[in-house]
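Chain by chain, the residues:
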Amino acid sequence: MDFIRLAEPAGLLYGLAAEDALRAGNALPLAGGPAAFTQVDLIEGTQRSGFMPVASIPAGWLPVVKRVTQPPVSGTLPDGPQVMGILNLTPDSFSDGGHHSQAEHALAAGIRQVQQGAGVLDLGGESTRPGALSVTPRQEWERIGGVLEQVRAHLPDTVLSIDTRNSFVMAQALKAGANVINDVSALMHDPEALPLLAEQDCGVVLMHMRGTPETMAQHTQYQDIGYDVVRELGERVHAACEGGISPHRLMIDPGFGFAKTAEQNVRLLARLPLLANLGCRVVVGVSRKRMIGAITGADNPLKRDPGTQAASLAGLALGASLLRVHAVDGMVQAVKVWQAVHGAGQI
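Residues numbered from 1 in each chain as written. Predicted model: local features only at pLDDT ≥ 70, side-chain atom pairs only at ≥ 80, totals over all residues. Heavy atoms only, no water.

**Focus on the overall build of the chain**
Next, step 1: Looking only at helices and strands, the chain has eleven helices and 13 strands in total.
Next, step 2: Computed over C-alpha atoms, the radius of gyration of the chain comes to 19 Å, within 12% of the 20 Å expected from 2.2 N^0.38 for 347 residues, which places it in the range of a compact globule.
Next, step 3: Principal-axis analysis of the C-alpha atoms places the extent of the chain at approximately 55 × 40 × 40 Å.
Next, step 4: Burial statistics for the chain: of 347 residues in total, 58% are counted as buried.
Next, step 5: Within the chain, contacts between residues separated by at least 24 positions form 67% of all contacts whose residues are at least 6 apart in sequence.
Next, step 6: Looking at the chain as shown, the accessible area adds up to about 14,200 Å², and 53% of this sits on carbon and sulfur atoms. (Helix = DSSP H or I, 4+ residues; strand = E, 2+ residues; numbered from the N terminus. Rg over C-alpha atoms; globule rule 2.2 N^0.38 Å. Buried < 20%, exposed > 50% of the residue type's maximum accessible area, 1.4 Å probe, protein only. Contact = heavy atoms within 4.5 Å. Areas by Shrake-Rupley, 256 points an atom, 1.4 Å probe, with all protein chains shown as cover.)

**Observations regarding helix 11 (residues 328-342)**
Think of an α-helix as 3.6 residues a turn; residues three or four steps apart then line up on the same face.
Next, step 1: The first and last C-alpha atoms of helix 11 sit 21 Å apart over 15 residues, in line with the 21 Å expected at 1.5 Å per residue.
Next, step 2: Restricting attention to buried positions, one finds in helix 11 the residues Val328, Gly330, Met331, Val332, Ala334, Val335, Trp338, Gln339 and His342.
Next, step 3: On the buried face of helix 11, the contacting elements are helix 1 (15-23), strand 6 (82-88), helix 3 (103-116), helix 10 (305-312) and strand 13 (322-325).
Next, step 4: Glycine 343 occupies a position one or two residues after helix 11 and carries a positive phi of about 60 degrees. (Expected span 1.5 Å × (residues − 1).)

**What to know about the pattern of salt bridges**
Next, step 1: Across all of its chains, the model carries eleven salt bridges by this definition.
Next, step 2: Note that aspartate 20 and arginine 23 form a salt bridge whose closest N and O atoms lie 2.4 Å from each other. A residue pair is termed a helical-turn pair when its members lie 3 or 4 positions apart in one helix, as aspartate 20 and arginine 23 do in helix 1 at three residues.
Next, step 3: Look at aspartate 20 and you get partly exposed, because its relative accessible area is 43%. (Salt bridge = Lys/Arg side-chain N within 4 Å of Asp/Glu carboxyl O.)

**With respect to the sheet that holds strand 6**
Next, step 1: Spatial strand order, 6-7-8-9-10-11-12-13: eight strands in a closed barrel with parallel pairing. On average, each strand axis in the sheet is tilted by 25 degrees relative to the strand beside it, whichever way the strands run.
Next, step 2: Here strand 7 (residues 120-124) pairs with strand 8 (residues 159-163) via five bridges, running parallel. What sits directly across from valine 120, in strand 8, is valine 159.
Next, step 3: The sheet contacts of helix 4 (residues 137-154) involve strand 7 and strand 8, and relative to strand 8 the element is tilted by about 175 degrees.
Next, step 4: Seen against the sheet, helix 11 touches strand 6 and strand 13 and runs at an angle of roughly 170 degrees to strand 6. (Pairing = 2+ DSSP bridges. Axes fitted to C-alpha atoms, helices over the stretch in contact; angles between N-to-C directions.)

**Brief notes about the packing of helix 3 against helix 4**
Next, step 1: Here helix 3 crosses helix 4 at 35 degrees, and the two axes come no closer than 10 Å. The handedness of the crossing between helix 3 and helix 4 is right-handed. Residues Ala103, Ala106, Leu107 and Ile111 of helix 3 form the contact with helix 4, whose own contacting residues are Val147, Gln150, Val151 and His154. (Left-handed = near helix turned anticlockwise from the far one by under 90°.)

**Description of the layout of surface pockets**
Next, step 1: Considering only enclosed or pocket space, the second largest pocket measures out at about 280 Å³ in volume.
Next, step 2: Every residue lining the second largest pocket is counted, 15 residues in all, and those nearest its centre are Met1, Phe3, Val237, Leu278 and Gly279.
Next, step 3: In terms of residue count, the dominant contributor to the lining of the second largest pocket is helix 7 (residues 225-242) (three residues).
Next, step 4: Residues of the lining of the second largest pocket, tallied by class, amount to ten nonpolar, four polar and one charged. (1 Å grid on protein atoms, 1.4 Å probe; cavity = no way out; pocket = protein on both sides within 12 Å on 5 of 7 lines; lining within 4 Å. Points joined across faces, edges and corners; volume = space filled by probe spheres on them. Nonpolar A, V, L, I, M, F, W, Y, C, P; charged D, E, K, R; others polar.)

**Notes on helix 5 (residues 167-175)**
Next, step 1: The set of residues buried in helix 5 consists of Ser167, Val169, Met170, Ala171, Ala173 and Leu174.
Next, step 2: On its buried face, helix 5 is in contact with helix 4, strand 8, strand 9 (180-183) and helix 6 (193-198).

Here it is in structure tokens:
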């Protein structure tokens, strides 16, 4: 699919206001709802039309705009927005100091997160923060394997995601009952990853990043953060589909904190509706990240959960998004209040 032409929705409405505007022809649904947009900017390359009412969209742009109105295609997860609980199994996690690196602690945390309302658990055994110590795929699997088996045994119906960029870990995790592979490199790190996943039926998250975790700070030059991230992610979606992964299995993550400055992260968060151009469910992963600290002054990552909740709620405009967080209970509460206020149903 050609993503030279993009449509950027704006002027979002919810609830009764959205319903009235849709009936009157003054709005269009954003990614199938619950939000509706009344304005749209039509972008070709870097040229903008400027925001215009949806009733004024030229006929030649209607197929492009239709992309952003359709519900996302991923059918590998439960319907609607989901809170994704993070289980870091690394001893050098930036946010929890390796608290879950012991299997019994990780299992207890996973059970607690599901009881609090997490629809998905995301287990990771390799730290991708700048300066993190590198580990081999086998070392990574040693951290994940036992915990995954225990979590699967105790939570047989919970969707389990594995945060890895290594095909060896992917293969072992899928054999052990994982449902989703979440790759920060969007299947670029390991050449065996794409052909492996093409033969599976699991969900696949493609995250935007430039370079590697070690070099990504050198790759923060963008013409326009919104257009560039959507188009570069679009290239990875296209590559995955060409490689044999069915589109309905794909999800996307704009990669907050990866090859982006704090200011760029904030600008990208404000423009999440652009991601609807790709037709995939969106993972919003801002939990406890440096951008939250830059905005709030909270230097300690453990003190950034309120800011995380406020930032993550932006993803709910896209309907079936996944909010990836460390503190599940507060995020679930925030989502329920947002849904009640916006007439968007309950998680």
